[in-house]
Every structure is written in structure tokens, then in C-alpha cells.
Amino acid sequence: MLSNHFQNGIETAKLAWSRLPNTEDGEGDEVVGVSRKNDGGRVESLDYEVVENHAYREEQAQRGKLYVGYYVGVKWFFALLIGVGTGLAAVFINISVENFAGWKFSLTFSVIQKSYVAGFLLYILINLVLVFSSAFIITNFAPAAAGSGIPEIKGYLNGVDTHGILLFRTLIGKIFGSIGSVGGGLALGKEGPLVHTGACIASLLGQVTCGCAAGVAAAFRAPVGGVLFALEEVTSWWRSQLMWRVFFTSAIVAVVVRTAMGWCKSGKCGHFGSGGFIIWDISGGQEDYSFEELLPMAFIGVIGGLLGALFNQLTRYITYWRRNYLHKKGNRFKIIEVCLISVITSVISFGLPLFRKCSPCPEADPSFPIECPRPPGMYGNYVNFYCGKDKEYNDLATIFFNTQDDAIRNLFSAKTIHEYSAQSLLTFLVMFYTLAVVTFGTAVPAGQFVPGIMIGSTYGRLVGMFVVSFYKKLNIEEGTYALLGAASFLGGSMRMTVSLCVIMVEITNNLKLLPLIMLVLLISKAVGDAFNEGLYEEQARLRGIPLLESRPKYEMRKMQAKEACGNQKVVYFPRVIKVADVVSSLKSNNHNGFPVIDHTRSGETLVIGLVLRSHLLVLLQSKVDFQHSPLPCDTGGGSLPIRHNFSEFVKPASSKGISIHDIHLGPDDLEMYIDLAPFVNRSPYIVPEDMSLTKVYNLFRQLGLRHIFVVPRASRVIGMITRKDLLIEETEDPATVELQSTSV
Ligand code: ATP
Ligand code: MG
């Protein structure tokens, strides 16, 4: 049956169940032990494994070729819906953010003309209201929507369910929360939250991986980058069939976003015009590079690695402190904290440019016209701010007192040089870096891509300035260095390579810089790796998400499976059990899987399979399988009754589901019995007690398992399977056909 036992991270946990066949192969051995430290039940794993039993097989056998076609068609249709949904969500967020920000800046600029103080207060107030609304939504309505959500989604696709992460309310909270936090001018971005938004939409349709890719594709308008991001960063299992569907979803997103933007161009979307959506077209920039430039470019890579690793380390300390002290005090403190940060951010971004002198507008290249400054009341390139004269601009305000997308466009801008003084760039770098570190982990939706790009492009441009003055004769653009700086910081912090590289190329539309981006990414990742883990891994660990890395630890080679089990006694159930015993057992522990044992006529004990807590809870709640007699329900040769259908047992992704404490049974019910045989997974994974832990790890990780039985050595072998036995031709046997269909 090979690898179809798990859903490869693309489907919501699917709990299949059904009746037990009467024949038993007698191979079940006594269970030795499955026990270790308990995490208190906070994080639970996902059941990716198909609970394979008699009815599952029966149902599979009944499905003909038509069903296979239908199944595949539905999956592709869902992929289409995910693309459309995520694209529309991204457009909505962008239009809202651009309109709030545009309205904020135009209002502030018009008030500035009359009074600086009034403009200043107004700016602080508008930001505060937006940020407060975001924090309010998060703390009171959708706590799981805080942060970027990428570590949690990564965990989800690794097999760990963080409560609430994919619920509908989280989706709503994420969308409206990020409009407030980004529109409110905090040092964070909307791109990470868009990945989470895509995943939430996709989870409603059972294909989370497609949603992650769609999120990136929508955020950066980078469809290929989206596919690679899903492959490199978030998923733990990947197959070529999944690649096609993810690619399809990303392509749909690209079409939806482009269509929406085309529609908005005619001014129908308020302040949302050609800007807003990320695409910093720097195709007018540096076309070529010389050998001498490689050294400063490598230097940018090193700075990126160092600053990225420092960012991860600082955010780790602060997040730790926040979680253990500040956020424990309650929602009020979370809101006060983020409001305070909003005020500080506003004061810095408004106040610091006041200390800078105005500069005359640079000579515009006719092929690259720059309006400098834009008419009063508008924002965009070259912010006039308080400069009295029309043809002047304030360089610090141009990057600080602006929307992030426009600031980045300004930093990447080519064709003109020395628009920014080193002093302004340095001031911005220090301030923005500090703000980004402090803002990370507050109770608002927050992405790190755009802050990372801003930080990176600032020091990149600084290095570029020195290179320009050093190699006077070469045709060097500061904007190119800014782009490399952005790539280096993201590489140094997030430690992605291929996907980041493609995203950077897609958003800047400049393929010629590909080798340079590759160079800085490799260097920055290598430097960063020397210090700590990537941002998402660090954050996942802090949030208590036990990610299983792709490789087992070296020490596991010397350990055996039984050593991994503690000394705790295995909690198991007999095949026919009193309802009262099930209830008391479920109340006394937090385990989610239990071996079920039976006895043969000769008195021998058999392990007949594994029963899940969630299935038991459904049985207890519905009561339809309760029986008066303690005898198995098929005694006398009758077949086992099926009184439930599949859907009753499917728990919505990342919801808590029902708990044993929610179920109330009367004294009569408790005296009844229940035969578990129809509900057990007849073929759980079993390993011999002396198997090396490395092998167990690989089995567990590669198949996406949740429970493995550890048993004594088998007493006999009834057959041998080799490659040839698994090469089954596609015949008229529908079961075989279906086997292949599940992987599509
Ligand atoms: P997960 O937490 O991954 O969703 P689970 O909830 O079934 O799976 P836990 O109960 O949280 O597993 O596991 C905690 C510890 O309890 C582990 O060390 C495991 O070996 C042990 N354990 C799990 N199930 C049983 C059981 N039926 N009997 C005894 N020990 C168990
Ligand atoms: Mg558990």
C-alpha cells in the first residue's frame, strides 16, 4: 500500500474508520510500551494516516473509475477556488491598506501646511486608532491570528496541530488585523499574514500547501516563488503531483491579482493605483557587473548573515520574555504594549526627518522620470515634508514617512545617485531595525518580509554608496546594491535560498541580477547558520511546536525503540469494554491513541489495532453503539453493524473538537458496553523493540505518523514483500486504480 497511508500534508486530517473483518491474522504481539514525557496536551499531532480497516477497504473497492475522475476533478476545482480566494483576499488587503495609508498621509500633509504640531498629533492618532483596532481584533476575536502564522503553518504541515490556527475566525482576524497593523505604519509587513490567509482559505477546502503557495504568489506577485516557498520552507512532505496543483493555484492567483490591478488602474480603487502591490521594477538599473564588485557584494552577504542572525536572536529573547511575563498579565497589557509601540513608531518616523536638511531634487533622467516632489497632499517618491521650496525633498522622510512599498521603491531606485545621505540611511537602519525587533511578536498580524527588505536595502545602499565613490569609473547603481542587501538580510534571517532568490527576481523583474542574488543568499545563509537557526524554526520552538526535522539526531543511531518509550504502563482497551471504563480512562489521561486487545479462543492475547480518542468521543456522544451484553457484537457469525458515516468523525482542522468533559452520560449508559472492533485502525505501524531510533524516526517522519506500536520480536514470518510485489499493473481492479488516485 506504500505511501498512500498519509495525505502528504495536503489534506486536512481525515479520520476514516469502519468495521472489523472477522478473520484475524494472529500476528499481533503484546504491546511492550508507548510512553514518554507528556506535554500536558497543549499541542496535538494530526492524524494524517488513513485509518485503514475493513470498511475503508470496502469503500475503496466500491469506488469505480468514475469516482476517481470525480475525486481528481474536485481537487483541481478546489485548487482553483483557493487561487481565486487568496488572490481576492490579497487585493482586498492591499486596497484597504493603501487607502488607509493614502488617506492618512494626505490628511497629515494638508494639516502640516498649517501647523506641524497638529499634523504630528493627527498622524499619531490615526496610526494609534488603526493599530488599536488590529490589536483589539486579535486579542478579543482571533488570538491565533497574531504574528505571521508561518511557524504554525510549518508545524501544521509537519504534523502538529496548533489550536485555532486554521479556523474561519482566524482568517477573518488575519485579514482585518493586518489591514490595521500595516495601515497603522508599524514596522511589519502584510506578506507573512497573506501566507497564513491563503492557508486558512485552503484549509476550508482541504489543501493547505496550495494555500501557502497562493499566499506568497499573491503577496509578491511571484507565482514561481510561491511554489518554491511552499516546497522549501513550509512543507515536510512533497510529491510531484502536489507540485502541479500548487503551480496551478499560484498561476490562478497571478491572473486574479493582475486582473484586479488592471481594473483598479482607472482610479476605481481610491488611493490604490499602480503602487501598493509589491513589484519594484528596477529593470532600468545596472545591467552588468564587474569582477571588482564581487567583493563588496560578498560583504553585503556577510552583513546580511550577521544582522539576520542577530535579528533572530534578539526576537527570540524578546518573544520569550513577552510570553512568560508581559502577555501572561492579560489582553489589556497586550493592547497597551502594541499601542505604545505604535506611538513610538509614529514619533520616530515623524520626528527624525525634522532634523534633516532638505536637498534639491536630483536631476531626473528623461527615461526614468521622477516627480520631485509630488504635489502637496500626495505621497510617494521624494517626500517634501517640511521643505519650504517646491523642488526640494527630505531624504529621511522619503524612506521613513512613507508607505513601506513606496519606501522600498525609493531605496531600490536606480538611474539617480546619492539621493540619500549616509547619515540618513544609517539613522533609518538603526531605528527601523530596533522597531522591527520590538514590534515582532506583539499581538497583531505581522510579517517579516517587508521589514527585512527595508533593513537590507538600507545597508545595501550604504555599501553601494561607498562602492560608487570608490570605483568611480564603473557603471554602478546604488539601487542594485540595495536589492542585494534586501536579499542578504532575508537570507540571513529566514535562511531560505531558492525560493527567496526567485521571489527577488520576480519582484524586481531583473533576471540579469540572478547570479548576484544567488551569491549573497548563499553567503548570508551560511553566515547566519553559523550562529543560530532560521527565524521560523526559532519561533516554532519558542511556541512549543515540536517540529521534526528532516533528519534524525546522530545520537539516535545508538538508541533503540524501546528506550524511547518511558516506564509508564501502556493504557489500552479490551475489545469489548464497559462505557464507564472508557469514560474514566479518557478522563485520567490525555493520550489520543490506544491499543485495543482481544483474546483468541485458546486464550492468547492479540493486539487488534489502534483506536483514536476522537473516535471514542464520537461513539460516546452518539450512544448508538452501546450494547447491553459484554459479548462481541458479531458473536454467532453475524456481521458487524455500521451505524455511522465518515463525516461524523472528521474534526475540523485546528479546532479543539469535543472533549470528554463535554459528554454527559446517565448511570444507565455507563453500565452499557461497547464493542470497539469496528472502529479500530487494523493496521497501525508496528516496530520491533530493538529497532534503532534512527529508523523509527525516518519511518515516523517520512510517513507523517502519529502513533507507532513497539512490540517484542515477531515469532514468525508469513511472507516477504519486495519491489516486484509493489509494481502492480493498473488493471480492472478498482482498488488498485484508487490507490494511485489518492496521490493525485
Ligand atoms: P500527540 O500528542 O502527538 O497528538 P498523543 O496525544 O496520542 O499524540 P500523548 O499522550 O500526548 O500522545 O503522548 C505523551 C506521552 O504519552 C508519549 O511519551 C507517549 O509515548 C505516551 N503515550 C501515548 N499514548 C499512550 C498510551 N496509550 N499508553 C501509554 N502511554 C502513551
Ligand atoms: Mg498529546
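Conventions and cut-offs
- Residues numbered from 1 in each chain as written.
- Chains lettered and ligands numbered in written order.
- Predicted model: local features only at pLDDT ≥ 70, side-chain atom pairs only at ≥ 80, totals over all residues.
- Heavy atoms only, no water.
- Core = buried A, V, L, I, M, F, W, Y, C linked by side-chain atoms within 4.5 Å.
- Buried < 20%, exposed > 50% of the residue type's maximum accessible area, 1.4 Å probe, protein only.
- Helix = DSSP H or I, 4+ residues; strand = E, 2+ residues; numbered from the N terminus.
- Phe/Tyr/Trp six-rings, centres within 6.5 Å; stacked < 30°, edge-to-face > 60°.
- Pairing = 2+ DSSP bridges.
- Contact = heavy atoms within 4.5 Å.
- Axes fitted to C-alpha atoms, helices over the stretch in contact; angles between N-to-C directions.
- Patch = residues over 30% accessible without salt bridge, like charges linked within 9 Å, V, L, I, M, F, W, Y side chains within 5 Å.
- Areas by Shrake-Rupley, 256 points an atom, 1.4 Å probe, with all protein chains shown as cover.
- Salt bridge = Lys/Arg side-chain N within 4 Å of Asp/Glu carboxyl O.

Peer 1: Would you mind going over the nonpolar core in detail, with residue names and values included?
Peer 2: Counting 114 residues, the largest nonpolar core has Phe 449 and Ile 517 as its most contacted members. If one sorts the elements of this core by residue count, helix H15 (residues 449–470) sits on top with 11 residues. Val 579, Leu 665, Met 672 and Ala 677 belong to the second-largest nonpolar core, a separate cluster that totals 25 residues.

Peer 1: Could you give an account of the packing of aromatic side chains, with specific residues and numbers?
Peer 2: Applying the stated criterion across every chain, the model contains 23 aromatic pairs. Both rings, one in Phe 109 and one in Phe 401, keep their centres 5.6 Å apart while their planes meet at 90°; by these two values the pair is edge-to-face. A residue pair is termed long-range when its members are at least 10 positions apart, and Phe 109 in helix H2 (residues 65–112) and Phe 401 in the loop between helix H12 (395–400) and helix H13 (404–412) qualify at 292 residues. No difference in accessibility class separates Phe 109 from Phe 401, as the two residues are buried.

Peer 1: How would you summarise the sheet that holds strand S5 (residues 573–574) if you had to cite specific residues and measurements?
Peer 2: As summarised here, the arrangement of the three strands in space is S5-S7-S8, forming an open sheet in which the pairing is mixed. In the strand order of this sheet, the two ends are held by S5 and strand S8 (605–612), each with one partner. In this structure, strand S7 (residues 593–599) lies alongside S8, joined through seven bridges in antiparallel fashion. Note on S8: the bridge partner recorded for Pro 595 is Leu 610. Packing against the sheet, helix H22 (residues 613–622) makes contact with S5, S7 and S8, and its axis sits at approximately 80° to S8.

Peer 1: Mind laying out a nonpolar patch on the surface, listing which residues take part and the relevant values?
Peer 2: On the surface, Tyr 116, Val 117, Leu 121, Leu 354 and Phe 355 cluster together to form a nonpolar patch covering roughly 520 Å² of accessible area. Along the polypeptide, Leu 121 turns up in helix H3 (residues 116–140).

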